[in-house]
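What follows is the residue order along each chain.
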Amino acid sequence: MNEQNPYCEVILPLPLHGTFTYLIAPEDRASVSSGSRVVVSFGKKKIYTGIVLETHDRAPEEYRPKELLDILDQLPIVNEKQLKFFQWMANYYMCSLGEVINAALPAALKLSSESFVGINPEIDPDHEELDNREWELLRALKTNDLTMKDVSEVLGLKQPQKILKKLSEKGLIDLFEKVKDKYQPKKVKRVRIADAFMEEGMLEELMNELESKAKQQDVLLAYLRDIPALDDPNSNERGMLKSQLLAEDISPSSLKTLIKNEVLIEWEETVSRLGNIHKSIPGSVVLSQEQQLAKKEILASFESHNATLLHGITGSGKTEIFIELIKEQIDGGKQVLYLLPEIALTTQIIARLHKIFGDSFGVYHSRYSDNERVEVWQKVLNKEYQFVVGVRSAVFLPFSDLGLIIVDEEHEPSYKQFEPAPRYHARDSAIYLSTIHKAHVLLGTATPALETYQNALDDKYGLVELTSRYGEAYHPKMEFANVNRERKQRKLKGNFTSVLVNAIHESLDKNEQVILFQNRRGYASHITCDNCGTVPKCPNCAVSLTYHQYNNKLVCHYCGYNQAMYSDCLSCGSKELRNVGYGTEELEEEIKLLFPQAIVQRMDLDTTRSKYGYQRIIEEFEEGNIDILVGTQMVSKGLDFDRVNLVGIFDTDRMIHFPDFRSHERAYHLITQVSGRAGRKSKNGKVIVQTNDPDQELLQRARNDNYKAFFQWEILERERFHYPPFTRIINITFKHREKHISFQAATYFAKEIRNQLGNQRMIGPVEPLIGKIRNMYLHEITLKIEKQGINLPAVKEYLRSVDLMMKQLPAFKSVGVVFDVDPI
């Protein structure tokens, strides 16, 4: 706490660099501390919730600071370790501290201001000429201040701004901002029998009095059926949920009468949305001899390395080792963070963890409501949760004593945040977070990122390997189906080769399950007119629209723009429209026609938008209610299904030849990971890869499941062309509504930094593959910065200074500049 410092530095959730100094009122100085939320005014009218970074006695020289409007927390909601982590993230990923705070805090912890309208009591409206609507609004304002939404409802107008402007000009109303708290604790109503009726003989007497009021008597009898108040008077203290009593088919009005007559007492109780935490006796897992040895090697590695890579082939039993390590940390009083790349994967992992840890751990991801995420945050802050499973944003939680961070499937691109800032990588951020807590990091995967594996070879990370599958599981056999040859022989059935169709027949005949993988959602990648060649494009982005048959719409996967599918070409009127390319939706339709007796389900972003969408599909598949699962990369990530013995992989060549230096690595990861879903138990699994060129080097290495050979082959290319892990990359993107201004800004920036950094470190400026997104034209500069012999923080600071200098020029003031450090 702070008793003498009159000023504080406040982080505002805005994309503005630095902090802002505010004055603390003398009576509040003991209440303000680092990590507390405060309400401040910023600019002329806006009100924000900020986080106090520090208190001090240094008065600003340039301006007179405003006073804090309110202090929201008696105790800080952000701890010192988090503040240190947030500052590192802002510096490393070249964004503002406010942007980090905005990403870190659950939305419900960020109070926001809302515009209100109030009547001006100093002016008498009777002396003004007003129309009926103006009088109607003033009458409503005499009772209460109104929000803009309220004003619209009172006047019956969608846009009431003109009326508000007239009344404001006459001085009759004031427009102002009020702060509203988004977080609302969950409350339930409970009822119990009043104490006066719990004394001996009083309850029987009451029941006799109610003989003529059968419905009221029914209410009491329903209560006593659930609460044994006569045999155990203490049970009446907790009473029962009012909603539970109403569900007993009683008269609501009779219940209301009993409460009014004080026979029953009603009260409100705050409850957790997450359920109560029960200390359970942990279950156990049985480690194989190889797993026990791997665990021992991991613990030995932690003695000399902050981070250790557990490189285990798919199905080798990495999760069981994680569970044993988590139990040891919890027994030692430490906290554990278990990171997963996708919500889809959390569903199955959480079910397994519940069997071991009961409900004594937290889950944190974007499908939780704002209020649920606040409650997880508070339970971590209060140390009610020692162990949390979450996606990348879980690195922001208020841990105070982390002992272990597990990053499962560490190679996954979904650990990287793309939009908005901070554009952080959760794996790399977790490694820095562990140094603050003096904790250890375990990176688990069957297909390590090249940078991670190189760090392990360089002894920056420890390395432990699992080379055989857990239990009696066999490694799946990979076959290639030559699409080009089958097309010539006219054996293709839609997008399916005869090899894959026959294999699906065999699997279904054996009552086994099939997974089909296509890393593109939608029905067709785009529509084209065979008469004039027109392809429908997004008006906001430089991309074609994807056809989704389930809602008969053309959709942009970048900005969300959509329009109804049309039957005639908009350019020439021709009806000769054709689908080009294919996605999961088209595969789902084709497989249903080929195997009408099979139960088919699709798992992609379109079918899993609801909170429990993933969970429902995964549970159905686990229980054997689905025969064939068609999905995007969601199906490739660590899922474990006993009855899957066949995996089909589509459109492999597009993945391999995508124009990006990581395309080979990503293709290898996806093929290997999705292949690992087959043959997880004691049955032989099979993987069929459809390709135009089965002899490709990458596919041969994937068939042999030889990661080391793939690594040695790919790392030579990276070194030759100066890509990570031999350099660090910073992408600088310039955005503007006018293409020529975007290009001119990028050219100006490139010219300035070329003088300091040289030509050899810079590529561009160039227009990216997709040169327009959300009506903004894009140009990019890519910097390759060697790891040795250069001061990276100084380079970042220099780039920021050039950005500030450029923004001083009127021509470039409105150009958006985005820095992406370590892009993937």
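Quick look at the structure, then. (Residues numbered from 1 in each chain as written. Predicted model: local features only at pLDDT ≥ 70, side-chain atom pairs only at ≥ 80, totals over all residues. Heavy atoms only, no water.)

## Some thoughts on the pairing of strand E4 (residues 46–56)
Note the following rule: Burial classes: relative accessible area under 20% of the type maximum marks a residue as buried, over 50% as exposed, and values in between as partly exposed (1.4 Å probe, protein chains only). Helix numbers and strand numbers start at the N terminus; a helix is a DSSP run of H or I with at least 4 residues, a strand a run of E with at least 2. Two strands are said to pair when DSSP picks up at least two bridges between them.
Taking burial as the measure, the eleven residues of E4 include eight buried ones, the bulk of the element. Pairing of strand E1 (residues 7–11) with E4 involves five bridges; the strand directions are antiparallel. Note on E4: the bridge partner recorded for Cys8 is Thr55. Alignment of strand E3 (residues 37–42) against E4, held across six bridges, turns out to be antiparallel. Within the sheet, the bridge partner assigned to Phe42 lies in E4 and is Lys46.

## Some thoughts on the side chain of Asp627
Using the following cut-off: Residues scored as positive are Lys and Arg, those scored as negative are Asp and Glu, and His as well as the terminal groups of each chain are ignored. Salt bridge, as used here: a side-chain nitrogen of Lys or Arg that lies within 4 Å of a carboxyl oxygen of Asp or Glu. Whenever two N or O atoms come within 3.5 Å, that pair is a polar contact, provided that in protein one can donate a hydrogen and the other can accept it, and provided that, for residues adjacent in sequence, both atoms are side-chain atoms. Any two residues having at least one pair of non-hydrogen atoms within 4.5 Å are treated as being in contact.
Here Asp627 lies in the loop between helix H20 (613–622) and strand E27 (628–631). Although Asp627 lies buried, it forms no salt bridge, and the closest oppositely charged side chain, Arg643, sits 5.1 Å away as judged by the N-O distance. Within the structure, the side chain of Asp627 is placed 2.8 Å from the backbone nitrogen of Ile599, a separation counted as a polar contact. Beyond its immediate chain neighbours, meaning those up to four positions away, Asp627 contacts Leu508, Glu512, Gln513, Val514, Gln597, Ala598, Ile599 and Phe621.

## Some points on the packing of helix H6 (residues 202–209) against helix H7 (residues 214–226)
What counts is decided by this rule: To obtain each axis, a line is fitted to C-alpha atoms, and for helices this fit is confined to the stretch in contact; angles are then taken between N-to-C directions over 0 to 180 degrees. A crossing counts as left-handed when the near helix is turned anticlockwise from the far one by less than a right angle, and as right-handed when that turn is clockwise. Only Asp, Glu, Lys and Arg are considered charged, only Ala, Val, Leu, Ile, Met, Phe, Trp, Tyr, Cys and Pro nonpolar, and every remaining residue, Gly among them, polar.
One way to put it is that H6 packs onto H7 with a least axis distance of 9 Å and a crossing angle of 145°. As H6 packs across H7, the resulting crossing turns out to be left-handed. Here Leu203, Leu206 and Met207 of H6 come into contact with H7, specifically with Gln217, Leu220, Leu221 and Leu224. When the residues that make up the contact of H6 with H7 are grouped by side-chain class, the tally is six nonpolar, one polar and no charged.

## Focus: the sheet that holds strand E9 (residues 186–193)
Spatially, three strands are ordered E10-E9-E11 in an open sheet, and the strand pairing comes out antiparallel. Both outer strands of the open sheet, strand E10 (240–241) and strand E11 (264–271), are each paired with one neighbouring strand and no more. Of the pairings in the sheet, the one linking E9 to E10 comprises two bridges and is antiparallel in character. Looking across to E10, one finds that Val191 is bridged to Met240. Contacting E9, E10 and E11, H7 crosses the sheet at an angle of about 105° to E9.

## Regarding the packing of aromatic side chains
Definition in use: The aromatic pairing rule takes the rings of Phe, Tyr and Trp, using the six-membered ring of Trp, and pairs them if the centres are within 6.5 Å, calling planes under 30 degrees apart stacked, those over 60 edge-to-face and the rest tilted.
The full count for this structure, using the stated rule, is 27 aromatic pairs. For the pair Phe85 and Trp88, a centre-to-centre distance of 6.1 Å together with 15° between the ring planes defines the contact as stacked. Placement of the pair is Phe85 and Trp88 together in helix H1 (residues 80–92), with a separation of three residues, close to one helical turn. We classify Phe85 as buried; its relative accessible area is 1%. For Trp88, a relative accessible area of 18% corresponds to the buried category. Between Phe661 and Tyr723, the aromatic rings sit 4.2 Å apart at their centres with planes inclined by 10°, giving stacked as the arrangement. Here the residue Phe661 occupies a position in the loop between helix H21 (652–656) and helix H22 (663–675), and Tyr723 occupies one in the loop between helix H24 (707–720) and strand E30 (727–736), the gap between them amounting to 62 residues.

## A look at H6
Going by this rule: This arc is built from the directions going out from the helix axis to the C-beta atoms.
Every buried residue of H6 is listed here: Leu203, Leu206 and Met207. On an axial view of H6, the arc spanned by its buried residues comes to 100°, and they lie on one face. Along H6, exposed side chains directed more than 90 degrees from the buried face belong to Asn208 and Glu209. Summarising the contacts, the buried residues of H6 are in contact with E9 and H7.

## Considering the pattern of salt bridges
Summed over all chains, the structure comprises 35 salt bridges. We note a salt bridge from Glu54 to Arg58, for which the minimum N-O separation is 3.1 Å. Judged by its relative accessible area of 48%, Arg58 is partly exposed. Ionic pairing is found between Glu665 and Arg718, a salt bridge with its closest N-O pair at 2.7 Å. On the criterion of sequence distance, the pair formed by Glu665 in helix H22 and Arg718 in helix H24 is long-range, its members being 53 residues apart. For the pair shown, Glu665 and Arg718 are each scored as buried. Three or more residues are tied together by salt bridges with common partners; here these are Glu451, Arg662, Glu665, Glu714 and Arg718.

## Notes on the packing of H1 against helix H15 (residues 426–437)
The test is simple: Here the word oblique covers every angle except those under 35 degrees (roughly parallel), over 145 (roughly antiparallel) and from 65 to 115 (roughly perpendicular).
At their nearest, the axes of H1 and H15 sit 10 Å apart, and the two run at 140° to each other. Here H1 is positioned oblique relative to H15, judged by the angle of their axes. Two packed elements cross with a definite hand, and for H1 against H15 that hand is right-handed. Across the interface between the two elements, Lys81, Lys84, Phe85, Trp88 and Met89 of H1 pack against Asp428, Ser429, Tyr432, Leu433, Ile436 and His437 of H15. Partitioning the contact of H1 with H15 into residue classes produces six nonpolar, two polar and three charged.

## Looking at the nonpolar core
Rules: To qualify as a nonpolar core, a set must consist of buried Ala, Val, Leu, Ile, Met, Phe, Trp, Tyr and Cys residues joined through side-chain atoms within 4.5 Å.
In terms of nonpolar packing, the biggest core is built from 145 residues, with Tyr338, Leu339, Ile732, Phe734, Phe749, Leu783 and Leu799 touching the most fellow members. In contact with Phe749, other than residues within four places in its own chain, are Ile732, Phe734, Ile781, Leu799, Val802, Asp803, Met806 and Phe819. Within the second largest apolar cluster, 23 residues are counted, among which are Ile193, Tyr223, Ile227 and Met240.

## Remarks on helix H2 (residues 97–104)
Where H2 is concerned, the buried positions are Leu97, Gly98, Val100, Ile101 and Ala104. Projection of H2 onto a plane perpendicular to its axis shows the buried side chains occupying an angular sector of 160°, all on one side. Summarising the contacts, the buried residues of H2 are in contact with E1, E4, H1, strand E14 (362–364) and helix H14 (370–381).

## Thoughts on empty space enclosed by the protein
Defined as follows: With a 1 Å grid spanning the protein atoms alone, the term cavity applies to any set of points in which a 1.4 Å probe fits but cannot get out, the term pocket to an open set with protein on both sides within 12 Å along at least five of seven lines, and the term lining residue to any residue with an atom within 4 Å of a point. Grid points are joined across faces, edges and corners, and a volume is the space filled by probe spheres set on the points.
Counted by the stated rule, this structure contains one cavity of 30 Å³ or more. By volume, the largest cavity is sized at about 70 Å³. Among the secondary structure elements, those contributing two or more residues to the lining of the largest cavity are H22 and helix H23 (697–703). In terms of residue class, the lining of the largest cavity is built from three nonpolar, five polar and two charged.

## Some points on the sheet that holds E27
With parallel pairing, six strands are arranged side by side in an open sheet as E19-E29-E28-E20-E27-E26. Because the sheet does not close on itself, it has two edges, and the strands there are strand E19 (477–482) and strand E26 (600–603). If you compare each strand with its neighbour and ignore which way they point, the axes differ by 20° on average. Where E19 and strand E29 (residues 686–691) come together, six bridges link them in parallel fashion. Within E29, the position partnered with Met478 by the bridge is Val687. Against the sheet, helix H18 (residues 498–509) contacts E19, strand E20 (513–517), E27, strand E28 (644–649) and E29, and its axis sits at roughly 160° relative to E28.

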